[in-house]
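# What the coordinates show
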Amino acid sequence: MAVSEAAQQQRIALQRFGLGPKPGAPARIAGNGRAMVLAEIGRMPVALIRPGTLPSLATACAVGEGPSFEAAEDICEAEMRARFTKAMQPEIGFTERLVHFWSNHFSMSVNKAMIVRSTYGQLEREVIRPRVYGRFADMLKGVLSHPAMIAYLDNADSIGPNSEAGSWGGLNENLAREILELHTVGTGGGYTENDVNQFARVITGWSYVRGWESDEGLNGGTPFNRGSFIYRPDWHEPGTLTVMGRAFAPTPGRGQGLAVLDMLAAHPRTAEHIAFKLVRHFITDRPTAFQVASLKKVFLDTRGDLAAVARALVQLPEAWTLPPTKLRTPYEMAIAQFRAMGAPPVPAETKWEFRAPLYSLHNMTWEHGPPDGWDDDTGVWLNPDAARIRLDAAIFYRDVYFRSFTGSVPARAAALFGGWLSDSSRTAVGAGADVRQQLGLLLTLPELQRR
Amino acid sequence: MTHDRDPAVARLEARAAAGCDEARLLLSRRRVLGLSAGLFSWAMMPRRASAASTDPRLLVVILRGGADGLSIVAPYGDPSYASARGSLAMTKSQLVDVDGFFGLHPALTNFGTLLKAGQAAAVHATCTPLRNRSHFDCQDNLEAGLPGIVGSNPTGWINRLLTALPADAPIRTHGALEIGEAPLILRGPAPVLGWSPTWFEPAWDGTVDAAQANYDVVDPVYGGVFAAGIATDRLARQAGGSFDGLGGLRLAFTGAGRLLAATDGPRIAVVTAEGWDTHADEGGPTGYLADALTELDTALGDFKAAAGTAVWGQTVVVIATEFGRTVAVNGTSGSDHGVATVTLLAGGAVAGGKVRANWPGLAPAKLYEDGNLAPTTDLRAVFKGVLQDHLGIARGLLDTTIFPSSAAIAPMTGLIRATTSPAPVAARATPVAAPPRPPSPIGLWRAGLDATGG
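Remember, it's a predicted structure, so these values are computed and weren't measured experimentally. (Residues numbered from 1 in each chain as written. Chains lettered and ligands numbered in written order. Predicted model: local features only at pLDDT ≥ 70, side-chain atom pairs only at ≥ 80, totals over all residues.)

### Describing the overall build of chain A
Our working definition: Here a strand is any run of E in DSSP of at least two residues, a helix any run of H or I of at least four, and the numbering for each starts at the N terminus. Only the C-alpha atoms count toward the radius of gyration. The rule for a globule is 2.2 Å times the residue count to the power 0.38. Burial is judged by counting other C-beta atoms within 10 Å of a residue's own C-beta: 20 or more means buried, 12 or fewer means exposed, and anything between counts as partly exposed, with every C-beta placed from the backbone. Each residue is represented by a C-beta atom placed from its backbone, and any two residues with such atoms within 7 Å are regarded as in contact.
Across its full length, chain A carries 25 helices and four strands. A globule of 451 residues ought to have a C-alpha radius of gyration of about 22 Å, and chain A, at 23 Å, matches this closely. For chain A, the spread of C-alpha atoms along the three principal axes comes to 75 × 50 × 40 Å. Classification of the 451 residues of chain A by burial places 59% in the buried group. Nonlocal contacts in chain A, meaning residues at least 24 apart in sequence, comprise 73% of its contacts between residues at least 6 apart.

Below, the structure is given as structure tokens:
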């Protein structure tokens, strides 16, 4: 059966750029797939999560340096549930996919430290989301002066060798190295080991207030800034420092470091790196030079306007012609399955059980250990063990929804995939022995897996 | 339908909650270190459950949490042992005597039998080169194989081993196997085969078959990978329902044995076991540690049975942990993070029957920093000895690529039976600069290489 142009656009909109179909999506989208993706860009209410009862930065920070692991875990859980819930709302979900992309660009693990556990959700909600259609430089600076990243990449105790405090500590290069290698210019971006070292000196003193400092009123700690970012001038390496050929004079406070981040954010190699990552995440494992150059040019021309870059991504001709060869990550798959069923199944009492499939598939949100983020290569996710567990995981979620499901499963398949449901998949779902087996098959259809 | 939780996981979570703060982070951290696996290679698919090849096999077992070497292989003959360990000390009659000085924990039934038969050995007072007693740092150190604190984005030493071998070396061709978690030790560009003994209920065969048939029509590439996953799982579990009732660790060891034995299957496997962080109620001949050792020892027996006699004869199992425990009992009838510990070896290729140690002694003046067993053997020396004499890996490769900057650490000799001959092809490998970090996609793209490596 030939797939109509409208159905083809629906599929690309919902799979390549979106979070997967909700029941009735094909009829609501009709022939407007591409237009609806573009219409999401720049609409801030789509990106933002109302804080409601979620903690403020100060509260999250205080818990992160407080005594209770459980309190930090509770915050993490509430933030994750807000993330799940948000993902149920949009018809397409391109903005949400961009939020996930940028969060992963600055990947951290909550298992590094309690302060990361208690503030990661806040960072994503209040630093990433408001800037997802803003300037890249602002997102970069926001993330890198957040206590979560300072803790995650070990900058909190990094001390300039020639600073006032130089004798009682050492330089830690982790954060500077990863900013260069992962967050901005990227490997092959023209920096040297010396640049890493110089940049690490530039950001000495970027730290956060430890619990004991708040308790004892030491080093600027007060009862009110527990866990918050703090700049420690006596830890900062004095003098002019040179990064990638440019000299940065000393300034009061964080100015010197922010100036380096501005330089890096505007660097053509950064533009190229971001362009490459966006094309690879959304469209193809093998970005072409033309695709990367197109987005890179927009990034540079607009001084890192991420709305303009997102628009350029959607407007790449191949975006609407290449077949969906990429595979949803297990997390993306869970979201798509929840949307297909109409709600996120995250009752508090069973939170660990719902995480079990994501743990088994090595894709638990906010728990990627190294800073390089979840891999965007299809081959990493498309492996025999994972393919087998994906089915078991779908069955696991299926059993959650089974009791409350009403109606016919073949009808649900039609309401989800419309004109892009293959004959084989339609037949397979319909041939299931009972509603349970039909639902299991529905939740693992190739139409849902590939994006 | 209800999905009961894996009782082992529930028990571990309870232990973690009662243990040190770091342990709680560690438990969840280790579930998802991140995808270690490079891209899957079809050449690694285990095809039949038979053992035609004589390639050496290696199973690395990592005990997470810092296992108490002084109770696993107790130096009961040390004059200071009883007084230094206090209520954790066991008597000679409670232990399985090895040589009049060391005695095995009584829970090590299978291991003890193997040791008497010359197929198991222990190396005592071993330690990673790191001494800071942090679970995170020391586990990363053990698995990255680096001399000190590990940076934020490392590769694992087994993956570097695979990367450095000639393309026709069987160890490289058949790859390595990760069981369950994706441990750092396997992280890097070389392909890794995974098999995870999940605890949630597998899909019915009818659903599997229906899904397979549809994939084969709509998405044949996915269908092929899915078929391989189902086949691997069935090979690991083998028909007959013998997995029923096995805990997570026994499941993992059984599957590892079957897959290592399979024709064209992997030659190296890694299994990790949580729950060795015995801060409280550690116990003696019975109790928490004894239960954990019983599970490990039973699992080792399962592995031997699953591998079969021929493959067991070609196998070395190395059981290592990130650090030992304090010599003295603590205030909660347990022990705290320490330094040196014991490393266990088992398998038909092991030159066994003994406990090897340059024993530092437990007298107060002999202890290392506030009451710890002093390390006298670098853990890397044990690993290097096994790799050199069992897998035939050349010294230059060991000193640079696999364990960078470790030329001063000589491989421990005499761990492997002289009659087993290592694969000669491995010796051809020339030392290359270790990829200390995984290759980055943008770096490969800029170098004009396909970012997928394909």
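Once you've had a look at it, read on.
### Here we look at the interface of chain B and chain A
To be explicit about the condition: Amino acids are sorted into nonpolar (Ala, Val, Leu, Ile, Met, Phe, Trp, Tyr, Cys and Pro), charged (Asp, Glu, Lys and Arg) and polar (every other residue, Gly among them).
Across the boundary between the two partners, chain B contributes 56 residues, which contact 57 residues of chain A. Those elements that place two or more of their residues in the side of chain B that touches chain A are helix H2 (21-31), strand S7 (192-195), helix H9 (205-218), helix H10 (220-237) and helix H15 (441-446) of chain B. Broken down by element, the side of chain B that touches chain A gets its largest block of residues, ten residues, from H9(B). A per-class count over the side of chain B that touches chain A returns 31 nonpolar, 17 polar and eight charged.

### So, the packing of helix H21 (residues 384-402) of chain A against helix H24 (residues 435-442) of chain A
All names here are of chain A. Note the cut-off: Fitted lines through C-alpha atoms serve as axes, helices being fitted only where they are in contact, and the angles separating the N-to-C directions of these axes extend from 0 to 180 degrees. Angles are sorted into four bins: roughly parallel if under 35 degrees, roughly antiparallel if over 145, roughly perpendicular if 65 to 115, and oblique for all others. The hand of a helix crossing depends on one turn: near helix anticlockwise from the far one by less than a right angle means left-handed, and clockwise means right-handed.
Interhelical geometry of H21 versus H24 gives an angle of 130° and a closest axis separation of 9 Å. Put simply, H21 runs oblique to H24. Between H21 and H24 the crossing geometry is right-handed. Residues Ala394, Ile395, Arg398, Tyr401 and Phe402 of H21 lie in contact with H24, whose contacting residues are Arg436, Leu439 and Gly440. Of the residues in the contact of H21 with H24, the class split is five nonpolar, one polar and two charged.

### Considerations on the nonpolar core
Heads up, the rule is: We define a nonpolar core as a collection of buried residues of the types Ala, Val, Leu, Ile, Met, Phe, Trp, Tyr and Cys that are connected via C-beta atoms lying within 7 Å of each other.
Counting 147 residues, the largest nonpolar core has Leu295(A) and Leu313(A) as the members making the most contacts within it. Looking at this core element by element, the count peaks at nine residues for H21(A). Not counting residues up to four positions away in its chain, the partners in contact with Leu295(A) are Ala275(A), Leu278(A), Val279(A), Val309(A), Ala312(A) and Leu313(A). Leu70(B), Phe253(B), Phe323(B) and Ala346(B) belong to the second largest nonpolar core, which has 117 residues in total.

### Structural notes on the domain arrangement of chain A
Residue and element names in this part refer to chain A. Rules: Boundary definitions for the domains trace back to an automatic or database domain assignment.
Domains assigned within chain A are domain 1 (5-34 + 327-449), domain 2 (41-135) and domain 3 (267-320). Distance from the C-alpha centre of domain 1 to the C-alpha centre of domain 3: 27 Å. Domain 1 puts eight residues into the contact, and the matching count from domain 3 is eight residues. Considering each element in turn, the side of domain 1 that touches domain 3 owes the most residues, three residues, to helix H1 (residues 5-16). Along the lines of polarity and charge, the residues of the side of domain 1 that touches domain 3 split into two nonpolar, two polar and four charged.

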